[in-house]
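Given next are the chains, with one letter for each unit.
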Amino acid sequence: MNHIIREYQTTDLNDILTAWESASRLAHPFLTDDFLDQERYNIPNLYLPNAETWVIEQEKQVIGFIALLGNEVGAIFVKPEFHGTGAGKALMDKARELRGNLQVEVFEANSIGRRFYERYGFQALSESTHEPTGNRLLRLQFIPAVT
C-alpha cells in the first residue's frame, strides 16, 4: 500500500477524530459513551497540543495517526476499514525511527490492540488500573528481536 506519513496539521482534526472514534468503538466496546465523549473533547484540547502527532494518508485521505509523548505512544488509531493494510505498522515504524525504545499502555480487554502490539514486538512490563474507568491497563515496551 502506498502510504504517506506527515506531521499533523490542525486541518486534520476531523479526520483524526473520525479515525479515533471508529477504531475506539471497535476496540473498546467496554468504555462508556460518557468516557468517550470526554476523550473526544480532550483530544483537541488537551492531548494534541501536548503531543507530537503524525498522520498517515492513503490516496490523499488521512486514515490514521500516532501521537507521541517522548518515547510513549500516547495514541495510535487507524480507521477500521484500513486495518490490515500496514498503516499501523508504518506509523509504529515512524515512531521507532523518531524515538527508538517505545512504551505504550493498552487496556487488557482491548484484544485488537494487544494483538497488534504483540505482533509488532511489544512485551508486558506492568499492570495497573485505569482510574477513570476501573479497567485493567497493561504497560508494554518494544523489545527488538535478536537476530
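Residues numbered from 1 in each chain as written. Predicted model: local features only at pLDDT ≥ 70, side-chain atom pairs only at ≥ 80, totals over all residues. Heavy atoms only, no water.

A. Layout of the overall build of the protein. When you go through the protein residue by residue, the secondary structure sums to four helices and seven strands. Starting at the N terminus, the α and β elements of the protein follow one another as β-α-α-β-β-β-α-β-α-β-β. Computed over its C-alpha atoms, the radius of gyration of the protein comes to 15 Å, within 12% of the 15 Å expected for a compact globule of 147 residues. Based on the C-alpha atoms only, the size of the protein along its principal axes is roughly 45 × 40 × 30 Å. When the 147 residues of the protein are sorted by exposure, 45% land in the buried category. Relative to all contacts within the protein whose residues are 6 or more apart in sequence, the contacts with residues 24 or more apart total 59%. With an accessible surface of roughly 8300 Å², the protein has 48% of that area assigned to carbon and sulfur atoms. Taking the average location of the 14 positive side-chain charges in the protein and that of its 20 negative ones, the two points are 5 Å from each other. (Helix = DSSP H or I, 4+ residues; strand = E, 2+ residues; numbered from the N terminus. Rg over C-alpha atoms; globule rule 2.2 N^0.38 Å. Buried < 20%, exposed > 50% of the residue type's maximum accessible area, 1.4 Å probe, protein only. Contact = heavy atoms within 4.5 Å. Areas by Shrake-Rupley, 256 points an atom, 1.4 Å probe, with all protein chains shown as cover. Lys, Arg positive; Asp, Glu negative; His and termini not counted. Charge placed at Lys NZ, Arg CZ, Asp CG, Glu CD.)

B. Examining the sheet that holds strand β4 (residues 72-78) more closely. Sheet architecture is open: seven strands sit in the order β1-β2-β3-β4-β5-β7-β6, paired in mixed fashion. Edge positions in the open sheet fall to β1 (3-7) and β6 (122-130), since each of these has one partner strand only. Within the sheet, the average angular offset between the axes of one strand and its neighbour, ignoring direction, is 30 degrees. Bridge analysis of strand β3 (residues 61-69) against β4 gives six bridges, and the strand direction is antiparallel. Along β4, the bridge assignment pairs Gly64 with Val78. (Pairing = 2+ DSSP bridges. Axes fitted to C-alpha atoms, helices over the stretch in contact; angles between N-to-C directions.)

C. Representation of the pattern of salt bridges in the model. In this structure the tally under the stated criterion is eleven salt bridges. Here Asp33 and Arg25 are joined by a salt bridge, their closest N and O atoms 3.0 Å apart. Here the residues in one salt-bridge network are Glu21, Arg25, Asp33 and Arg40, joined through shared partners. (Salt bridge = Lys/Arg side-chain N within 4 Å of Asp/Glu carboxyl O.)

D. Seen up close, the environment of Arg136. Relative to the assigned elements, Arg136 resides in strand β7 (residues 135-142). Arg136 sits in the partly exposed class, given a relative accessible area of 34%. For Arg136 and Asn110, which are 26 residues apart along the polypeptide, the C-alpha to C-alpha distance reads 9.9 Å. Reaching out from Arg136, the side chain makes a polar contact with the side chain of Glu127 at a distance of 3.1 Å. (Polar contact = N/O pair within 3.5 Å; in protein donor to acceptor, adjacent residues only side chain to side chain.)

E. Broad picture of the nonpolar core. Ile66, Val73, Ile76, Met92, Tyr117 and Phe122 are the most contacted members of the largest nonpolar core, which totals 24 residues. Sorting the residues of this core by element identifies β2 (52-58), β3, β4, α3 (87-99), β5 (103-107), α4 (111-120) and β7 as the ones contributing at least two each. With five residues, the top contributor of residues to this core is α3. Val73 has contacts with Ile66, Ala67, Leu68, Met92, Leu102, Gln103 and Val104, leaving out every residue within four places of it along the chain. (Core = buried A, V, L, I, M, F, W, Y, C linked by side-chain atoms within 4.5 Å.)

F. Seen up close, the side chain of Ser24. Structurally, Ser24 can be placed in helix α1 (residues 13-27). Excluding its chain neighbours within four sequence positions, the residues that come into contact with Ser24 are Pro29, Leu36 and Phe77.

Remember, this is a structural readout, not a statement about activity or role.
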